[in-house]
Each structure stands twice: as C-alpha cells, then as structure tokens.
Amino acid sequence: MLEIRVQSQDFDAGAELAALGADGVGGIASFIGTVRSMPDRPLAALHLEHYPGMTEQAMRGIAEDAMQRWPLLRCTLIHRVGTLLPRANIVFVGAASPHREAALAATGFLIDWLKTRAPFWKREEFCSGDSAWVKPRESDDAFAARWNK
Amino acid sequence: MKILYFAWLREKTGCREEELDLPAAVTTVGELIAWLRQRDAGHAAAFADVKQVRCAVDMEFAPLQASIGQAREIAFFPPVTGG
C-alpha cells in the first residue's frame, strides 16, 4: 500500500509511523529531512518549488520500484513545498516490511532516489538578505547510483 | 506546444509557461533548446550552459537527443534538489 503526498502543511511523523503498521509488519524504518541552517550562514527560509503532476508521478514510480525490490507491505512518501523555516520538516520517507533489513534498505533507496529523481528545487534565503538556488551535490548522485543494479 | 520553466530557468526566461508553434525542423530536445535560445536574451541566458539544464517530455525525464514528436508539454529545469 502506497501513500504519496505533496503538501505545504507540516506532517505528524508519529501519526505517519503509526499508519505504517499492519498485520504482517515486523519492522518500520523512516527518514525525515529537515531545513538546515548553519551558524556561520543562518537561513531565514527555504523555498521549495516543484513540478505539479510530474512530482506525484515520479514519487509514485520511485515507491513502486521500491515495492518491487523489497517485500514492503506499506510505503509512505511525503514532501512539503512552499516556504519553510529552519528546522521545519521537509520530507518523510517510511517503509514497513516483515523484517528490518528490507525496511531499512528501502528507506535509504527511497530518499536517495527522491533526492535525484523527483522534480523539486530548493532556494535558500539567508538572514543576510541574499538568496540562492541550491546546487545538487555530487555525493547525492553517487548515493543514488548505488541502487542502479 | 506547451513549454514550462522551473526554478532559475523560470527566472531567467521570465516566464512560467508559454505556448509556442515550433518549426517543423525542431524534432528533438536539443534542437528545441537551440531554437529557444534564439528567442531573446532571457532564453539565451537560461540555456547558456546546457549541462545545467534538465528536460522532461510529458513529465518523463528526457535526454537532449530525445524526440519531442507528439508531446503535449515539455519542461526545462535545473538538476533537482529536493529531499
């Protein structure tokens, strides 16, 4: 069972974890991405833009891929868009399976592919008044490439 | 054909989406970029470095050599940075 959401409002991680429970589930793993502000370059806000339509389609494709690779019973992907403040939740990824290995591995796969294959873009607005589009990190591609077998 | 722009490509072209009649000679993503680049200074700036541009044809990622054939919409954007 897949739960895919793109939303501006916050999510309740506890409620999302509880919703991943089901008969046959023995392990639930999750990842939460949050807005990072560095002490030496404090962030006023993070703006998240996306491509409505393609975003949901890409997220569904990534989740379906995970369901084929691992014996998952449930899988949740939630991504926020709009203007977010430092420490705010950005993304929730959760996977539920009979045993922990699949849930843990699938969670890593889901966030790696979400970061490199779903059409979201971040713009950082700094307290100093300037702003910049976030550049992709090469390490993100390297992490995502691990699953290309 | 509907052309969409996101993130800094939207800022540089100055438009979110536009409906354009493409010349018959424009059949691939790469040819479309070359044609769009000649439209005005904003489009030229947006497509100045093609290596920084990604494309989706009907909401599926597409390389430069991909055919745009009967596509309904084509989107241009920077490498994704969500998650």
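Heads up: these notes are all about the structure in this document.

Definitions and limits used
Residues numbered from 1 in each chain as written. Chains lettered and ligands numbered in written order. Predicted model: local features only at pLDDT ≥ 70, side-chain atom pairs only at ≥ 80, totals over all residues. Heavy atoms only, no water. Helix = DSSP H or I, 4+ residues; strand = E, 2+ residues; numbered from the N terminus. 1 Å grid on protein atoms, 1.4 Å probe; cavity = no way out; pocket = protein on both sides within 12 Å on 5 of 7 lines; lining within 4 Å. Points joined across faces, edges and corners; volume = space filled by probe spheres on them. Nonpolar A, V, L, I, M, F, W, Y, C, P; charged D, E, K, R; others polar. Axes fitted to C-alpha atoms, helices over the stretch in contact; angles between N-to-C directions. Parallel < 35°, antiparallel > 145°, perpendicular 65-115°, else oblique. Left-handed = near helix turned anticlockwise from the far one by under 90°. Contact = heavy atoms within 4.5 Å.

**Re unusual backbone geometry**
Next up, step 1: The backbone of Asp-58 of chain B shows a phi angle near 50°, a positive value even though the residue is not glycine.
Next up, step 2: Positionally, Asp-58 of chain B belongs in the loop between strand E3 (54–57) and strand E4 (60–61).

**What about the layout of surface pockets?**
Next up, step 1: Counted as a void, the largest pocket has a volume near 980 Å³.
Next up, step 2: Every residue lining the largest pocket is counted, 42 residues in all, and those nearest its centre are Pro-136, Arg-137 and Asp-140 of chain A together with Val-80 and Thr-81 of chain B.
Next up, step 3: Listing elements by their share of the lining of the largest pocket, those giving two or more residues are strand E2 (27–34), strand E3 (43–50), helix H3 (100–117), strand E7 (120–126) and helix H4 (138–145) of chain A together with helix H2 (29–37) and E3 of chain B.
Next up, step 4: Tallying contributions element by element places H4 of chain A first for the lining of the largest pocket, with five residues.
Next up, step 5: Residue classes in the lining of the largest pocket are distributed as 22 nonpolar, eight polar and twelve charged.

**Considerations on the packing of helix H2 (residues 54–69) of chain A against H3 of chain A**
All names here are of chain A.
Next up, step 1: Packing of H2 against H3 brings their axes to within 10 Å, and their N-to-C directions diverge by 150°. By the angle class used here, H2 and H3 are roughly antiparallel. For H2 against H3, the interelement crossing comes out right-handed. Residues Ala-58, Met-59, Ile-62, Ala-63, Asp-65, Ala-66 and Arg-69 of H2 pack against Phe-109, Leu-110, Trp-113, Leu-114 and Arg-117 of H3.
Next up, step 2: Per-class residue counts for the contact of H2 with H3 are nine nonpolar, no polar and three charged.

Honestly, it's all geometry; don't read function into it.
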